[in-house]
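# Structure at a glance
For reference, the chains in residue letters:
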Amino acid sequence: MALWIQNLTPERPYGQDHEYKVQINDQKPLAFFKHCRQDGPAACLRAAADAVEAALKSTAALKAGGVK
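Residues numbered from 1 in each chain as written. Predicted model: local features only at pLDDT ≥ 70, side-chain atom pairs only at ≥ 80, totals over all residues. Heavy atoms only, no water.

### A closer look at the side chain of His35
Among the structural elements, His35 can be located in strand S3 (residues 31–36). A polar contact of 3.3 Å, which involves the side chain of His35, links it to the backbone oxygen of Gly40. Look past the residues within four positions of His35 in its chain and what remains in contact with it is Gln16, Asp17, His18, Tyr20, Gly40, Ala43 and Cys44. (Helix = DSSP H or I, 4+ residues; strand = E, 2+ residues; numbered from the N terminus. Polar contact = N/O pair within 3.5 Å; in protein donor to acceptor, adjacent residues only side chain to side chain. Contact = heavy atoms within 4.5 Å.)

### Some remarks on the side chain of Thr9
Mapped onto the secondary structure, Thr9 falls in the loop between strand S1 (3–7) and strand S2 (17–24). Within the local environment of Thr9, its side chain forms a polar contact with the backbone nitrogen of Glu19, the two atoms lying 2.5 Å apart. Discounting chain neighbours no more than four positions away, the residues touching Thr9 are His18 and Glu19.

### Some details on the environment of Gln23
Structurally, Gln23 can be placed in strand S2. What Gln23 contacts, discounting residues up to four positions off in sequence, is Ala2, Leu3, Trp4, Lys28, Pro29 and Leu30. Of the polar contacts made by the side chain of Gln23, one reaches the side chain of Lys21; its length is 2.9 Å. Polar side-chain contacts of Gln23 include one of 3.0 Å to the backbone oxygen of Asn25.

### Points about the pairing of S2
Of all 8 residues in S2, 6 are buried; the element is thus mostly enclosed. The pairing of S1 with S2 spans 5 bridges and is classified as antiparallel. Bridged to Leu3 within S2 is Ile24. As judged from the 6 bridges shared by S2 and S3, these two strands associate in the antiparallel manner. Each bridged residue has a counterpart across the sheet, and for His18 the counterpart in S3 is His35. Counting the residues between successive antiparallel strands, the hairpin from S2 to S3 contains 6 residues, one of them, Asn25, with a positive phi of roughly 45°. (Buried < 20%, exposed > 50% of the residue type's maximum accessible area, 1.4 Å probe, protein only. Pairing = 2+ DSSP bridges.)

What is shown is where atoms sit, not what they do.
Set out below in structure tokens:
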């Protein structure tokens, strides 16, 4: 299993937000998030984890009928 965090943003100046997606192998993306590369790789990993967690909670709420 491979976990991918892919930068989707075309070239942008340093210090601006880039859009990323998180996915496993060739499955549909788990989540999308924005990250400023200037903040470093640890912040990118935290943002990815937060985005996946939020997406999973949202999916669980939808399945439970809590969010419409």
